[in-house]
Amino acid sequence: MNLKIIKSKIGNAAITQIVETDINDAMPIILPDAIPEEMKKIAWLDKPYRTDDFLMNADSQAFFVELNGRLFVVDTCVGNEKEVLGFDGFNNLNLPFLEAMEHAGIDRNSVTDVICTHLHFDHVGWNTYKDNGEWKPTFPNAKYHFAKEEYDYWEKDGFKNHALGPLENVSFHESIDPVVEAGLVNFIEMDDDLGDGISVKPSPGHSKGHINVHFDAGKETFIIAGDMCHHPCQIAQTDWAAIIDYDQKESGVTRRKILGELSGSEILVTCTHFCSPSFGKISGSESEGFVFNTVDKSE
Ligand SMILES: [Zn+2]
């Protein structure tokens, strides 16, 4: 089984998406408001983001971005051999993700920066891999950037007070602790500059310390916005919240604020679970509804 690899160019950046698996079956659970009758009302929402029956298509994927001499990974999927309590479809995966990276020409030893938009299990999985029963950093020469706010939340209260707490507790030990212990983590602010045109901006709501990643790629700029939206339908329906949002009200406020800022601009945006073609420009307004205008940058 070969995993899907999508290569794109945006400005000076070379982007490789590796799709670990689709998450189509999980989407109606994650976004319960997005029922087919409501999805039909979003005139611009076309395939491949939906099926003929107006069900959502979405992916678990990682974005590798080569820019200005650095090689970034934004979000690292579910990973192999991870214990994912309560989500059978993601439990104990055994997929050729590392082979797909190799096939795509990505040497994991050359990755300079890993950015997790937040620390849910499906965004941190390939931070580590199992080697002789031990969790080892997949990207041993990278700095792993985690928002301090997000890390502190899960470490202090999240396991006890969040619906995903027990699952996140396991995920933390498998995918986060080992890179902290290896001394590879750089704790950042939610609004921070990582140099060479790469920065992060706050987008709280889905999680407490959720961040969007901005890439200034010369003639073009793009944003990878994690789980600010799980599906393009939330660009039209900004109040459709994910069942696992830390704060469902705040996630809507964040969407409206950021989509409002992006509307009419040339900035390309995607969210981590948007299936390919994943990038687009935003138009419209809060009152008339925002629109996702796909721009296919794949080669
Ligand atoms: Zn996610």
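Conventions adopted
Residues numbered from 1 in each chain as written. Predicted model: local features only at pLDDT ≥ 70, side-chain atom pairs only at ≥ 80, totals over all residues. Core = buried A, V, L, I, M, F, W, Y, C linked by C-beta atoms within 7 Å. Buried ≥ 20, exposed ≤ 12 C-beta atoms within 10 Å, placed from the backbone. Helix = DSSP H or I, 4+ residues; strand = E, 2+ residues; numbered from the N terminus. Pairing = 2+ DSSP bridges. Axes fitted to C-alpha atoms, helices over the stretch in contact; angles between N-to-C directions. Contact = placed C-beta atoms within 7 Å. Right-handed = clockwise from strand over helix to strand, strands pointing away.

Moving on: the nonpolar core. Counting 84 residues, the largest nonpolar core has Phe64 and Val65 as its most contacted members. Considering each element in turn, this core owes the most residues, 5 residues, to strand β3 (residues 59–67).

This brings us to the sheet that holds β3. As summarised here, the arrangement of the 7 strands in space is β1-β2-β3-β4-β5-β8-β9, forming an open sheet in which the pairing is mixed. Single-partner strands in this sheet number two, and they are β1 (4–10) and β9 (185–188). Adjacent strand axes in the sheet meet at a mean angle of 20° when their direction is disregarded. Direction of pairing for strand β5 (residues 113–115) relative to strand β8 (residues 143–147): parallel, over a ladder of 3 bridges. Looking at the pairing, Ile115 lines up with His145 of β8. Running at roughly 75° to β8, helix α4 (residues 148–161) makes contact with β8 and β9 of the sheet.

For the rest of this paragraph, the subject is the pairing of strand β4 (residues 70–74). β4 sits mainly inside the fold: 4 of its 5 residues count as buried. As defined by bridge partners, β3 adjoins β4 across 5 bridges and the pair is classed as antiparallel. Residue pairing in the sheet places Phe63 in a bridge with Val74 of β4. Counting the residues between successive antiparallel strands, the hairpin from β3 to β4 contains 2 residues, one of them, Asn68, with a positive phi of roughly 50°. In terms of strand pairing, β4 meets β5 through 3 bridges, oriented parallel. Following the sheet pairing, Val73 is matched in β5 by Val114. Handedness of the β4-helix α3 (residues 97–103)-β5 crossover: right-handed.

Turning our eyes to something else, we now look at unusual backbone geometry. Cis geometry marks the peptide bond from Lys47 to Pro48; its omega dihedral reads 10°. By the element assignment, Pro48 lies in the loop between α2 (36–39) and β3. With an omega of 0°, the peptide bond between Ser276 and Pro277 qualifies as cis. Within the secondary structure, Pro277 is located in the loop between β14 (268–270) and β15 (280–285). A positive phi is found at Phe54, a non-glycine position, where the angle reads about 60°. With 17 C-beta atoms counted inside 10 Å, the residue Phe54 sits in the partly exposed group. Phi at Cys77 takes a positive value of approximately 60°, unusual for a residue other than glycine. Residue placement: Cys77 occurs in the loop between β4 and α3.

None of this, on its own, says anything about what the molecule does.
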